[in-house]
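So the chains spell out like this:
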Amino acid sequence: MHLDLNELSQLAPIFRELFKGYHVSRRDPELYAQLSNFQDQYRTLFKALGFELVCDTRGFYYFVPDLAAAAVNKTAQRLALFTFILVEHLADQGRDPIAVLDGGSLGRDELPSLLEKYRDLFIQAEVQTVEELEEKIMRRMTQLGFAGEENGVYRFLPPMHRFLDVCLSVQQDRDLAASLHSVLPLPAPVLIDEDSDEKLLQTDDPLDLTEFEEESEEDALARAIAEEQETDA
């Protein structure tokens, strides 16, 4: 496929956001429209760089590296654990977890009681204060495109389905185990210690997210474009 780089007017910001693990959704109208209109061209270019551009039919884009390591980093683990906690918390309150996580909202004023109720689990994530909950989990959710925050209210965005899908899968496993009279409990995810949690890591599994290679985004982008031009030549 011949690539006309003039058409890819949002190439630099799109690559920058996807490279750091951000999920582009309709909340980012210019980037989302550009990806939607030139999806094949972007996919071809990024493929040359070694990344797979994924378009989830629920309305968001993200990167999956071709060669994915098996480890899940601490940021991804924290967000996964928080999603499990939130699903259970909302169900206990009689609120529909899917309705909340699929475009619904959570007030900042709900965080203290949530932390107190699930303190033992949050300790696994090295979260012991409301400030740490906001810094290590809620802020990372907004930085990576899973939620937006305005006036003390966190509104969840379509990429939250990546974590919600796993929660629903685990719940189905629990239901199956119960129907088989299993005595083996299915515990909530346990965090493992990793050296670095600077990027949310991603693979084909919704939560199997992996670290990108140590290469600056400018160098990686320049290399991809050069390789594509050599191919066209």
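Residues numbered from 1 in each chain as written. Predicted model: local features only at pLDDT ≥ 70, side-chain atom pairs only at ≥ 80, totals over all residues. Heavy atoms only, no water.

### Examining the overall build of the chain
Next, step 1: The number of helices and strands found in the chain is ten helices and six strands.
Next, step 2: Scored against the burial criterion, the 233 residues of the chain give a buried share of 45%.
Next, step 3: For the chain, the proportion of contacts with a sequence separation of at least 24, taken over those separated by at least 6, is 69%.
Next, step 4: Put simply, the chain shows about 11,900 Å² of open surface, and 50% of that area lies on carbon and sulfur atoms. (Helix = DSSP H or I, 4+ residues; strand = E, 2+ residues; numbered from the N terminus. Buried < 20%, exposed > 50% of the residue type's maximum accessible area, 1.4 Å probe, protein only. Contact = heavy atoms within 4.5 Å. Areas by Shrake-Rupley, 256 points an atom, 1.4 Å probe, with all protein chains shown as cover.)

### What to know about the confidence of the model for the chain
Low pLDDT marks stretches whose predicted atomic positions should not be read closely.
Next, step 1: When pLDDT is averaged across the chain, the result is 77; 67% of the residues are at 70 or more.
Next, step 2: Scored below 50 in pLDDT, residues 66-72 shows 20 contacts in the model against residues more than four places distant or in partner chains.
Next, step 3: Here residues 194-214 scores under 50 on pLDDT; set against residues more than four positions off or in separate chains, the count is 83 contacts. (pLDDT = per-residue confidence, 0-100.)

### A closer look at the pattern of salt bridges
Next, step 1: Overall, the coordinates contain eleven salt bridges when judged by the stated rule.
Next, step 2: A salt bridge links R58 to D165; the shortest N-O distance between them is 2.8 Å. In this pair, R58 sits in the loop between β2 (51-56) and β3 (60-65) while D165 sits in helix α9 (residues 161-179), placing the two residues 107 residues apart along the sequence.
Next, step 3: R108 is the salt-bridge partner of E134, the closest N and O atoms lying 2.8 Å from each other. Within this pair, whereas E134 is found in helix α8 (residues 130-143), its partner R108 is found in the loop between β4 (105-107) and α6 (111-117), the two being separated by 26 residues in sequence. (Salt bridge = Lys/Arg side-chain N within 4 Å of Asp/Glu carboxyl O.)

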